[in-house]
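Structural overview for review
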Amino acid sequence: MAKGIKVGSEVRVLRGKFSTQKGVVQASEGVGRARKWIVKLNGGVLERFSARTLELEQRHLITPPSTSIRAVSQEEEDSCSSNTSSDESSTSDNDEMREVDEDGASRRASDVSERRTNWDNRDTAAESNGDDDRVVLDGVEWRKMGDVTVELNGPAYQRKAALYHPLHERSTELDFWKMMMPADLMRNIIEATNLHTEMAQKPLDYEQLQHFFGILLAMTLASGGERRDMWKTESNGPFPAPALGRYMACHDFERILRNLKLCVYTDEELADDPWLPIRSAVDSFNRNRRGGISPGVTLCADESMGSWRGLAAKVDDAVVGLPHVTKIARKPEGVGTEYRTLSCGETKIMLQLEIQEGKVPMQGKEYAKDYGSGTSSLLRLTRYWSGSDRTVVADSAFASLKTAEALHKHRGLRFIGLVKTAHKRFPKAWLQKYPYTNRGDHCVLQANIDGRQYMAVGWNDKKLKMFISSTSRTTEALCPAYKKRFRQSTPEDRTSAPCVVFYKEVKRPAVVEAYFDNANAIDVHNHLRQGGLELERHWKTQTWWHRNFATIFGMCESDAYLAFRYFHPLAPILSHREFTERLSLQLLTYKSSFHDTGPSARLRKHMPVAPTEQPLQTVVAKIMSSHTLKTNMRECPVFQYKRQRLEQDEEGTSHNGRVPSVQRKCSVCCERKTAYYCDECTQLHEEIVPICNPGNMKHVLCPEDEDDLYTFIKSATQHWKDIARALKMTHVQTKEIVSTPGLTQQSDYFQEMLHRGLK
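Computed from a prediction, not measured in an experiment: that's the story for all the values here.

1. Quick notes on unusual backbone geometry
With phi around 70°, Tyr 367 is a residue other than glycine that occupies positive phi space. Locating Tyr 367 in the fold gives a position in the loop between helix H10 (359-363) and helix H11 (368-381). With a relative accessible area of 18%, Tyr 367 lands in the buried category. Even without being a glycine, Glu 534 presents a positive backbone phi close to 55°. Position of Glu 534 among the secondary structure elements: in the loop between helix H15 (521-533) and helix H16 (535-538). Taking the relative accessible area as the measure of exposure, Glu 534 reaches 22% and is therefore partly exposed.

2. Observations concerning the packing of aromatic side chains
For the coordinates displayed, the defined rule picks out 25 aromatic pairs. Here the aromatic rings of Tyr 434 and Tyr 436 are separated by 5.0 Å at their centres, their planes lie at 70°, and the arrangement is edge-to-face. When its relative accessible area of 4% is taken as the criterion, Tyr 436 is described as buried. An aromatic cluster of three or more residues is present, and its members are Trp 177, Phe 212, Phe 213, Trp 231, Phe 253, Trp 539, Phe 549 and Phe 553. The ring of Tyr 265 carries the charged tip of Lys 261 above its face, separated from the ring centre by 4.3 Å. The ring of Tyr 384 carries Arg 383 above its face, with NZ or CZ at 5.9 Å from the centroid.

3. Quick word on helix H7 (residues 250-259)
Within H7, 8 of the 10 residues are buried, which leaves the element mostly enclosed by the surrounding structure. Three or more residues of H7 are buried, namely Cys 250, Asp 252, Phe 253, Glu 254, Arg 255, Ile 256, Leu 257 and Asn 259. For H7, the secondary structure elements touched by its buried residues are helix H5 (183-193), helix H6 (206-221) and helix H17 (544-567).

4. Observations concerning a nonpolar patch on the surface
Residues Tyr 482, Phe 486, Val 501 and Tyr 503 make up a contiguous nonpolar surface patch of about 460 Å² in total accessible area. Counting residues per element, the ones that place at least two in the nonpolar patch are strand E21 (481-488) and strand E22 (499-506). Residue classification places Tyr 503 among the exposed positions, given a relative accessible area of 52%.

5. Points about the side chain of Glu 405
Along the chain, the position of Glu 405 falls in helix H12 (residues 401-411). With near-sequence residues (within four places) excluded, Glu 405 lies in contact with Arg 425, Ile 449 and Tyr 454.

6. Here we look at the environment of Tyr 454
With respect to the helices and strands, Tyr 454 occurs in strand E19 (residues 452-460). Residue classification places Tyr 454 among the buried positions, given a relative accessible area of 2%. When the C-alpha atoms of Tyr 454 and Ala 404 are compared, they prove to be 8.3 Å apart, with 50 residues separating the residues in sequence.

Cut-offs and rules
Residues numbered from 1 in each chain as written. Predicted model: local features only at pLDDT ≥ 70, side-chain atom pairs only at ≥ 80, totals over all residues. Heavy atoms only, no water. Helix = DSSP H or I, 4+ residues; strand = E, 2+ residues; numbered from the N terminus. Buried < 20%, exposed > 50% of the residue type's maximum accessible area, 1.4 Å probe, protein only. Phe/Tyr/Trp six-rings, centres within 6.5 Å; stacked < 30°, edge-to-face > 60°. Lys NZ or Arg CZ within 6 Å of the ring centre and 35° of its normal. Contact = heavy atoms within 4.5 Å. Patch = residues over 30% accessible without salt bridge, like charges linked within 9 Å, V, L, I, M, F, W, Y side chains within 5 Å. Areas by Shrake-Rupley, 256 points an atom, 1.4 Å probe, with all protein chains shown as cover. Salt bridge = Lys/Arg side-chain N within 4 Å of Asp/Glu carboxyl O.

Read these as layout, nothing more, since geometry by itself doesn't imply function.
Take a look at the structure:
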């Protein structure tokens, strides 16, 4: 791209039908990469050109041919010769123009041969100097190595992604939505929204909130028009009218939308933290993902944007718009709130979010002073997966040798990153000067820092790409890189001949394959949210935290679709739009059971709402009535499936040759042995759930019923002593979900709910 072009500059056209013609720049239009220069050619013709097709005339006359030392592949040389032949075969009425083209092609071919000669001379000098395969940068010694044939730093962590929520064949799109939409966020929305005076007559409840969410999704499925058109009952075109009044009145939706708040805060708290209206939603999202999904072997870090075109300023120290606006020109939605994000490379589900609050606030974050912006963000995002030996994949915004060292030191994680600008102590110049022969060739340098191995890899694609890695191998990958290309079926006729699509294979090492197979995880997620759902475009608002909530809402919906597609045992093949249509209908027709306040991964039987005057034992009895207790474990299908193993474990049979009745410790109190088991929970979890005799009040809850009891506790504030006495008697406890740092047993979660309810 030519630099220094401005209005009045004399330029020369490099390619196209006006190739080699000269002219003067008259004006420009557009910005960035879309900028076009309007040039008046010598013949008086005005044409638009991009900067790539122009060259300053003075620079062309003064600058000598380039002698930059860079590897030139045989393919590039062939392309130069093919360009020469194509120029010679092209039809033109101007003989002088053809001669200029031939001279330019011959000059490019001579440059290729000159650079190849320079490389040959360099190789001859390298043979006599034994230090050319070694480079020392700030105390780090890098040595050229052969291919790394075994996993660097030992075998890597291997495990497939998993959900902590139980699944079964009856799980619907709504069940996956409840998994991904944080339950505490929905409770905060209900509490904060109902504080408005306008909501006093008809307060928002859990069921209405689901209907509200369903209408938001239905808006993304509409073909356009005003928001109020969604409540029309008569169609004016080929599509039927949405008629959303069947589920929620238009004035009720607008009333909720006007008063929607995500958390409760005061003006003093808002003055101290301008991001407070959205911070609780981000924290709830992070907690939900931390306790709801176990990611696979690879974690992907990247940026996501929340679009915002409104106010972004402070007036008398009062925030009247978005506290900080980030502008990234290369993004499809490049103006708004930037989130540093972490996702699972296997499932593409978003795991963690971090708001980029501006330069000064981010400098006060953890690790920022020691490691800078990119590395510190990555350390904060991966906090909950410390010591898991997973591999983090990140682009040049995060990648550096410093990042690889910090992740190993503070998190016990591996790293693969694409290095561009952050090349301190990284042999970037050496890799750029290395003489690659063909496209797909690579070079490896290895360093030992504090007993840990790191490798710098240069891969000669169309442009040289450089990687820093503390894991993987550099042997040739099983799957090469496929480059999609187009060409004319008949080169003689370039106007009417059909275009042929073909794929070009480029070999690559295994570490490059591991990077590109996982680096697009967040890009895929962003495309589903911004290119598929597009809630931020359909939900028109002038409130900045509403727009940020639309971003988080879209992430939850996209995560529900990705989880449904990956984890559902019998998932039908659905497109993202079809999934959104089904989920929207299920939310619009949602009927709450006990006014649910949390997610559930199974279809629960609907039960009547318990009046506040009923004691806790009555509610417990109603909950227990939805579960079937059986006493003969040998008749359980799950037990029959594992019968052979159980017989070997039990060792011995009764006198008549039959397997004796199996007794196990109760899965709730973990004290008494019992022959009872819950048939419904056993089928749900696909393992026997033993429960001691319910007559002695040892077992009152199955794991999925905690939300119902929480709702009752929140309403039965006059029975504090009865509740506390009953809880001591029931020993509410369920099995540990997962043994990861920071995640306690489900009983701790229940005690937290109880504390909030009594408060």
